[in-house]
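Structure assessment
Spelled out from the first residue to the last, the chains are:
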Amino acid sequence: MTVTMVVVLLVAVVVLGYFISVNNTEIRLRNLVKAQQEICEANFDKMWKVIKQITHVSDTYLETFKEIYPKLISGRYQGKDIAFISEHNPPLSTSVLEQLANAIEINREQFFSHQRLLVARHNEHKTFIQSFPACVLLPNAQEIKITVIKSDHTASVYATGKENI
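The structure displayed is predicted, hence computed values, not measured ones.

**Let's talk about the pattern of salt bridges**
Summed over the entire model, instances satisfying the criterion amount to two salt bridges. Between Glu-26 and Arg-30 there is a salt bridge whose closest N-O contact spans 2.9 Å. Here Arg-30 and Glu-26 lie together in helix α1 (residues 3-73), a separation of four residues that amounts to about one turn. Pair check on accessibility: Glu-26 and Arg-30 agree, each one buried. For Lys-49, the salt bridge goes to Asp-45, with nearest N and O atoms at 2.8 Å.

**What to know about the confidence of the model for the protein chain**
For the protein chain, the mean per-residue pLDDT works out to 87, and 85% of the residues sit at or above 70. When the elements of the protein chain are averaged for pLDDT, α1 gives the smallest value, 88, and helix α3 (residues 134-137) the largest, 95.

**Details of the nonpolar core**
Within the largest apolar cluster, 11 residues are counted, these being Val-33, Cys-40, Met-47, Ile-51, Ile-54, Val-96, Leu-100, Ala-103, Phe-111, Leu-118 and Ile-144. Counting only elements with at least two residues in this core, the list comes to α1 and α2 (95-130). Ignoring anything within four residues of it in the chain, the contact list for Leu-100 reads Ile-51, Ile-54 and Thr-55.

**Here we look at the packing of aromatic side chains**
The tally for this structure, following the rule as stated, stands at two aromatic pairs. Here Phe-44 and Trp-48 contribute two aromatic rings whose centre-to-centre distance is 6.1 Å and whose plane-to-plane angle is 65 degrees, an arrangement assigned as edge-to-face. Of this pair, Phe-44 and Trp-48 both sit in helix α1, four residues apart, which is roughly one turn of that helix. A connected cluster of aromatic rings, assembled from ring pairs, spans Phe-44, Trp-48 and Phe-111.

About the cut-offs
- Residues numbered from 1 in each chain as written.
- Predicted model: local features only at pLDDT ≥ 70, side-chain atom pairs only at ≥ 80, totals over all residues.
- Heavy atoms only, no water.
- Salt bridge = Lys/Arg side-chain N within 4 Å of Asp/Glu carboxyl O.
- Helix = DSSP H or I, 4+ residues; strand = E, 2+ residues; numbered from the N terminus.
- Buried < 20%, exposed > 50% of the residue type's maximum accessible area, 1.4 Å probe, protein only.
- pLDDT = per-residue confidence, 0-100.
- Core = buried A, V, L, I, M, F, W, Y, C linked by side-chain atoms within 4.5 Å.
- Contact = heavy atoms within 4.5 Å.
- Phe/Tyr/Trp six-rings, centres within 6.5 Å; stacked < 30°, edge-to-face > 60°.

And the structure:
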């Protein structure tokens, strides 16, 4: 074997090794983005289940309270002079509503964190496949489509460039 053949063989091995490395990096980044998208979906589902569960408890509590409250006060004062009676009726607890507000805040913040990580990973993958040498070595690599959850209000503000509060 001549020195030229050894050098050519060595260069070929290095180039092949580098191509494999670039390809593996693209696959790793693509899989991270897809996994993060699934985490966002699962977190969104969890968030709504928590909120729905708390509101069901709240709805049940309110219905029970509406059912019991009139019975507690009906017929109390028949034949009595109510001017001398000071009444203390059971208060409607706001603890369930406070729990709901806390759950919404905590879960929305957690969901936002997951969405932020999804966007960052998407950006990392997109930058990688558009940068040299990956753009040359992986010319068919496609940008991954992701879904970022946002409200109609936000979409309208960004579409018009105006927010009129």
